[in-house]
Every structure is written in structure tokens, then in C-alpha cells.
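# Chain and residue survey
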Amino acid sequence: MKPSLTAIKGTKDILPPETKLWQKAEWLCREVFEAYGYQEIRTPIIEPTELFVKGTGETTDIVTKEMYTFVDKGGRSITLRPEYTPSVVRAIIEHRLYLQASPLRFYYFGPMFRHDRPQKGRYRQFHQVDIEVFGETDPAIDAEIIEMADYLLDRLGVKNKKILVNSVGCSNCRPNYVTLLRAKAEEIKERLCKDCQRRLELNPLRLFDCKEPGCQAITQSLPKIIDYLCRDCLTHFENVRQWLDFYGLSYQIEPRLVRGLDYYTRTTFEIISLELGAQNALLGGGRYDHLMKIYGGPDICGLGFALGLERVLSVAQIKPDKEKLIYFVYLGEKAKKKSLQLCRELRRQGFTTLLEYKDRSLKAQLSRANKLAATWTIILGEDELNQGICQLKEMTSGQQKTVPFDQVGTILRTLEKDEKNK
Ligand code: HAM
């Protein structure tokens, strides 16, 4: 029977055992980020709408079409964050984190919300892992975050990936390029989709964000920003490339990579999967030299990237760590009590133990332990109880031994160690 209440279109439940995979991925991300000197930051899911209008950009698809925006009871326009970068910049300004001695390197995990057409790899609620660095103008940092992103994907067991890089210039060179782009795009306007015709009016750079295959083909012939960079932007880009070479990373220059968000200056990049279809960007990011200033903060540049966990996990070859479950099999009320006492002690020693309250037969309980793939079962009946012992059964070999109550923890620890050393 189909339930009448189901998850909202474009959202999904993440259920066990898949949650184990998410935990493992998050743990690996944390380990990598902390090795590079990043610290965790957490900000609210809801933000003032204007944060994204001002930062992400008024003409972007995210702001014009995809935000979950509502008016709250106080009459304020609120948005479920569609991305994380504006929130972290706001938090830095609000708490004056730039005055602290510690490096401005942050990482973050959390859900994002975009009301786009759901498809494979594209959700309305999805999860990003994000990093941001502030105050570093050296092109070496642009390459360092790309190197870290690539290493992180390696650690997550992602194969068949490709690094794409581009430069979107700065406020010196971009206006001239945009004028030229507009003029050239006017010539093909009739062949573009309605959205692109609107983009052409408001911000021609956004033409490259169009997801329509027809428009993507038509706009191939338009001038590319990389050919119109000013001297400083070109030097920055060349330096980023030299640093990427220094790390021995192979990459492709993708002149159409303008990345759908308005705040980028100079470097933009993505790492795509060659195993996925249309939604193949595993992560994306770039440099944004003026966002802090746009929000009324100090003139501190920033850069970062966000990784989409759903997409990465669809290609990641990681396995959750195998958990060793100790399942308690008991017969009778007194044995139940003793089992619960032992369970409690073992849990405090870091073991995972389970006792179910079903008063089943010995056979039924053992078959349940098998079903749950328990590593060991501890069996306790009336006789054992009287002798102060229990039966410890290793489930794969079927070997069973008698263990006094006060030695259960020690023996389990030895068995665990032996297994690790195998
Ligand atoms: P973004 O390219 O919009 O960048 O998103 C980053 C990643 O989030 C994408 O590469 C993709 O893996 C994932 N993603 C985006 N939209 C969806 C969706 N609807 N469903 C599933 N996954 C999705 C940003 O958000 C920037 N804030 C990145 C950044 C950080 N730039 C500088 N710092």
C-alpha cells in the first residue's frame, strides 16, 4: 500500500545502513580539512533573503528561480539557504572573526535548499561540505584548495574525475568583455530560450549557466572571457596554473565555467565525475575578492568550494567500518537482569551490545543474532547464572567458550585485538 504521507519531491530520507556511509564520508572530510588547518563553523539554515540577493546575485538562477523564500510571523523575508558561502561571510563580519589571530579557514557540513527540477543527482534538499579561506591573495592558495579538493576525493575513493579551471576576470576586465558578449549574443538572440533572452538583458555572463542543450550548443561560438583578461588577472591565472603543475595535478581549462553565482572574481573551478550524466559536478568553487565588502565588511578576499555529498557518495568507493556487535541471548527473568547489567558495563567500555526484549526461545534468539550479523553472542541461562559464567560464542566459527562474568570485557578486548592483527 502506498503511504499517503511521503517525503516532499526532491528530498530524500537517508536510512541506515546508508547513514554509516555518510558518517564515514563526513569523518574523512573532517580529517582532511583539519590537516589543512581548517576549523568547523556552524550557521543557521534560515537567513535574511537579502543575504543571497546581494551575494549570490540578483540575476542568478538560484535567486530568480530556486530559493525557498517565505515571510515569517514578524513580516521578514526569510530564505532557506541555497548555498553556504554568504552565510559564512556574514558570520565573519558579524562576529569580527577577522580580528582574531587564528587563520580564517573554515569548514562546514549541512543541508542546502534549491527549488530546481529534481533529477538524478539534483535534489531540492541536498547536502554540502564546504570550505572557505579568507585574506589570502597569493595564487598559491587557489591551487592549494584545488589540491585539497582532489586529495579529499581520492580519500573518498572517487575515481575517474577531472579538474576544470577558468578565470572570470575582475571588475577591470569583465565589463568590457560583457559588453562584447552582449553584442555578439544579440546576433543569435532569436535562437536562444526565453530564459536566456532574459539573461542577455540582465547579465549575459549567465548565458553560460543555461541547462538547455540547444542554448549550450548555440553559445559555444560566443567570445570566451579567458581571451579578454586584463594583465593582472592573466598573471594570476598563469600563477595558479604553475602551482597546479607544482602539485602535479592534471586539469583542463574550461572557458565556459562561469559557475552560476555572481560573486566570483578570477579563479573558478569544478571537479567533475566522468561516471555521472548531466549532473556531474562533484564540487565547485572559486575566488571571491569583494563579497565581504559588498556586505559592508572589511575589504578581505575569500575563496572556497562546496562538495555535493549525494553526488560524491554515488561514485565514492568507500565502505563503512564494520561494526562488531555483541548480541545477548538470555533465558528467564534473572538472566535478563544479569545480561542487562553486563550490557551496561560493556557499553561503558566502548563495545556495541544489543539485547532485545522479546523473550524468545534460545534458537530464535541465536537465529536473530545471525540475521544481525553479530560477531559474538553472549548466552546466559539459569545454569550459567548459578555458576557466575556465560557462554561466549564466536558467530562465524561457531566456537564457544565459558567465561566468568568479571572477565567478559577483558576476553572480548583480547579477541578484538587478535582479529585486528590477523
Ligand atoms: P555550487 O556549484 O552551486 O557552488 O554547488 C556546489 C556543489 O553542490 C555542486 O558541485 C554539486 O555537487 C552540489 N549541488 C548543487 N546543487 C545541487 C542539487 N540541487 N542537488 C544535489 N547537489 C547539488 C556553491 O554552492 C558555492 N557556494 C561553492 C563555493 C564555496 N564557492 C566558493 N566557496
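Residues numbered from 1 in each chain as written. Predicted model: local features only at pLDDT ≥ 70, side-chain atom pairs only at ≥ 80, totals over all residues. Heavy atoms only, no water.

This next bit is on a nonpolar patch on the surface. Side chains of Ile45, Ile46 and Phe70 sit close together on the surface and give an oily, nonpolar patch of about 240 Å² of accessible area. Mapped onto the elements of the fold, Ile45 is located in the loop between strand E1 (39-40) and strand E2 (46-48). Residue class for Ile45 comes out partly exposed when judged on its relative accessible area of 35%. (Patch = residues over 30% accessible without salt bridge, like charges linked within 9 Å, V, L, I, M, F, W, Y side chains within 5 Å. Areas by Shrake-Rupley, 256 points an atom, 1.4 Å probe, with all protein chains shown as cover. Salt bridge = Lys/Arg side-chain N within 4 Å of Asp/Glu carboxyl O. Helix = DSSP H or I, 4+ residues; strand = E, 2+ residues; numbered from the N terminus. Buried < 20%, exposed > 50% of the residue type's maximum accessible area, 1.4 Å probe, protein only.)

Turning our eyes to something else, we now look at the sheet that holds strand E15 (residues 389-394). The strand order E13-E12-E14-E15-E16 describes an open sheet built from 5 strands, whose pairing is mixed. Here the strands that pair on one side only, and so sit at the sheet edges, are strand E13 (352-354) and strand E16 (400-404). Taken over all neighbouring pairs, the strand axes of this sheet differ in orientation by 25° on average, direction set aside. Here E15 runs beside E16; their pairing, made up of 5 bridges, is antiparallel. Bridge pairing in E16 links Leu392 to Lys401. Across the sheet, helix H13 (residues 362-371) touches strand E12 (325-330), strand E14 (376-380) and E15, and the angle it forms with E12 is around 170°. (Pairing = 2+ DSSP bridges. Axes fitted to C-alpha atoms, helices over the stretch in contact; angles between N-to-C directions. Contact = heavy atoms within 4.5 Å.)

This part takes up the domain arrangement of the protein. Assigned domains of the protein: these are domain 1 (18-173 + 229-315) and domain 2 (325-412). For domain 1 versus domain 2, the distance between C-alpha centres works out to 49 Å. (Domains from an automatic or database assignment.)

This next bit is on the site of the ligand. Taken together, 26 residues lie around the ligand, and Glu83, Thr85, Arg259, Tyr264 and Ala281 are the ones closest in. Residue Gly308 places a main-chain N or O atom 3.2 Å away from an oxygen atom belonging to the ligand. Computed on the free molecule, the ligand has an accessible area of 650 Å², of which 95% lies beneath the protein chains in the complex. Taken together, the elements giving at least two residues each to the shell around the ligand come down to strand E6 (125-134), strand E10 (281-288) and strand E11 (302-308). Counting residues per element, the shell around the ligand draws most heavily on E10, which supplies 7 residues. For the shell around the ligand, the class distribution of residues is 11 nonpolar, 8 polar and 7 charged. (Near = heavy atom within 4 Å. Polar contact = N/O pair within 3.5 Å; in protein donor to acceptor, adjacent residues only side chain to side chain. Nonpolar A, V, L, I, M, F, W, Y, C, P; charged D, E, K, R; others polar.)

As enumerated under the stated definition, the model contains 25 salt bridges in all. Asp321 is the salt-bridge partner of Lys24, the closest N and O atoms lying 2.8 Å from each other. Of the two residues, Lys24 is situated in helix H1 (residues 18-35) and Asp321 in the loop between helix H11 (309-315) and E12; the sequence distance between them amounts to 297 residues. Judged by relative accessible area, Lys24 falls into the buried class, the value being 18%. What makes Asp321 exposed here is its relative accessible area of 57%. Salt-bridge contacts for Glu144 lead to Arg105; the nearest nitrogen and oxygen are separated by 3.0 Å.

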